[in-house]
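# Topology and contacts: notes
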Amino acid sequence: LTTLSGCSPKEVTSQNNIVIGFSQSGTESSWRKAHTKSILDSLKKNNYQVIYRNGLMDQERQIQDIRSFIAYRVDLIVFTPLTEDGWEPVLKEAQRAGIDVMLVDRDIASASSDLYLSHIGPSFKAEGNRAGIYVNNYFKEQPDREINVLELSGLTNASPTTLRSDGFREAIGREQNITISQTVYGDYTRNKGKEVIRELITNNQLATIDVLYSHNDEMTLGALDALKDTDIQPGKDLIIVTIDGQENIIKELRAGNVNCVVECNPQAGYYVARAIERRLDSDHKQIPHEIYMPETVFSDQGDLDMIPTRNY
Ligand code: AHR
């Protein structure tokens, strides 16, 4: 990627045509790294100049990164908002500067939807729904059994967390015997996932849990690690449903330690590059406000040999 430091904004734009500022939210998972790579590779392939910044899961830092893009007078800003709220001031600054903003992966509160051009990402609510449908189907022959779900949630106030919770609740709400008995937060990281599950084990709070619904694979891997210190057999005594589809979790699915993996597609680059092309190269054509990417489900109910190898 071209390094733009040391150039004045005018020099950069005139020598290299289109300049894109890309602000990523963090590096918390293999999924996130694949997402970053997919976008950077596609932008590079399209010969855009890219200024890339990583907020390292710090909203203030991300806001400063976006401000620096505005100061550079980039042509367009691509940005994964760490959380749902708190972006209005900086997005208004971009709007006043006449710079289009595209949200990728995560979304912001809907009240601010006129502050960005387009959102390109997974349907988190559909993912939560798919996870819930798996649980409903798994226990459909046992309508009289009380099923207790432990929800291992991601970072609070982040759109995948809110929507994966909503979607899951909507699906299991159709069955009277399935309820979420507890929600804990693992911030989408392996360490935190392990820590919170270990705490529940220590306090003997896993004994009555039938299902672990985890909002991402990294936290699931942490939970699996914590379970090694117990006699609970993951995938058998405790049904595990996770979201993302990293290669390391597909391995756990094949080993029988995880029951269902709801895919969250990190390969956003193609969609982002096409949308930018349409917006900037082809005379400011309209692009849809919401662009969802294709996703699927892998589970012990399907043919595990058919799962394509992932590169993340
Ligand atoms: O925003 C998408 C989520 O964030 C992915 O599921 C997860 O792995 C990442 O941390």
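What you see is a predicted model; the values in this text were computed from it and never measured. (Residues numbered from 1 in each chain as written. Predicted model: local features only at pLDDT ≥ 70, side-chain atom pairs only at ≥ 80, totals over all residues.)

### Some thoughts on the pairing of strand β7 (residues 178–185)
- The sheet contact formed by strand β6 (residues 147–153) and β7 spans seven bridges and is parallel. Across the sheet, residue L150 finds its bridge partner in β7, namely Q182.
- Handedness of the crossover joining β6 and β7 through helix α6 (residues 159–172) is recorded here as right-handed. (Pairing = 2+ DSSP bridges. Helix = DSSP H or I, 4+ residues; strand = E, 2+ residues; numbered from the N terminus. Right-handed = clockwise from strand over helix to strand, strands pointing away.)

### Examining the packing of helix α3 (residues 59–72) against helix α4 (residues 88–96)
- Between α3 and α4, the shortest axis-to-axis distance is 10 Å and the interhelical angle comes to 10°. Between α3 and α4, the angle falls in the class roughly parallel. Residues I63, I66, R67 and I70 of α3 form the contact with α4, whose own contacting residues are V90, E93 and A94.
- For the contact of α3 with α4, the per-class residue count stands at five nonpolar, no polar and two charged. (Axes fitted to C-alpha atoms, helices over the stretch in contact; angles between N-to-C directions. Parallel < 35°, antiparallel > 145°, perpendicular 65-115°, else oblique. Contact = placed C-beta atoms within 7 Å. Nonpolar A, V, L, I, M, F, W, Y, C, P; charged D, E, K, R; others polar.)

### Points about the site of the ligand
- Neighbouring residues of the ligand: E28, S29, W31, R32, D105, R106, P160, Y188, N216, I243, D244 and C264.
- Elements represented by at least two residues in the shell around the ligand include exactly α2 (30–45) and β9 (239–244).
- Counting residues domain by domain, the shell around the ligand receives three or more from each of domain 1 (9–121 + 266–281) and domain 2 (124–264 + 298–306). (Near = placed C-beta within 6 Å. Domains from an automatic or database assignment.)

### Overview of the pairing of β9
- Of all the six residues making up β9, six are buried; the element is thus mostly covered by neighbouring parts of the structure.
- Side chains I239, V241 and I243 project from β9 onto one buried face, and the interleaved I240, T242 and D244 project onto a second face that is buried too.
- Here strand β8 (residues 211–214) pairs with β9 via four bridges, running parallel. Across the sheet, residue V211 finds its bridge partner in β9, namely I239.
- On the question of chirality, the crossover connecting β8 to the parallel β9 by way of helix α8 (residues 217–227) is right-handed.
- Here β9 runs beside strand β10 (residues 260–263); their pairing, made up of four bridges, is parallel. Bridge pairing in β10 places V241 opposite C260. (Buried ≥ 20, exposed ≤ 12 C-beta atoms within 10 Å, placed from the backbone.)

### Focus on the nonpolar core
- A131, V135 and V241 are the most contacted members of the largest nonpolar core, which totals 42 residues.
- Sort the elements by how many residues they give to this core and α8 lands first, with six residues.
- Inspection of this core shows a minimum of three residues originating in each of domain 1 (9–121 + 266–281) and domain 2 (124–264 + 298–306).
- Dropping the residues within four chain positions of it, V135 is found in contact with V149, I172, I178, V211 and V241. (Core = buried A, V, L, I, M, F, W, Y, C linked by C-beta atoms within 7 Å.)

### Section: helix α5 (residues 124–138)
- For α5, built from 15 residues, the straight-helix expectation of 21 Å at 1.5 Å per residue is met to within 8% by its first-to-last C-alpha distance of 21 Å.
- Listed in full, the buried residues belonging to α5 are F124, E127, G128, N129, R130, A131, G132, Y134, V135 and Y138. (Expected span 1.5 Å × (residues − 1).)

### Quick notes on the UniProt feature "domain: Periplasmic binding protein" (unreviewed entry) in the chain
- Taken from the UniProt record, the annotation "domain: Periplasmic binding protein" (unreviewed entry) applies to residues 20–279.
- Secondary structure across residues 20–279 divides into 43% helix and 20% strand, with the first and last C-alpha atoms of the span separated by 12 Å. (UniProt positions renumbered as here; feature names shortened; annotations may be inferred.)

### With respect to the sheet that holds strand β1 (residues 19–24)
- The strand order β2-β1-β3-β4-β5-β11 describes an open sheet built from six strands, whose pairing is parallel. The open sheet has two edge strands with one neighbour each: β2 (49–54) and β11 (290–292). Neighbour to neighbour, the strand axes of the sheet diverge by 20° on average, direction disregarded.
- Summarising the sheet, β1 and strand β3 (residues 76–79) pair through four bridges and their orientation is parallel.

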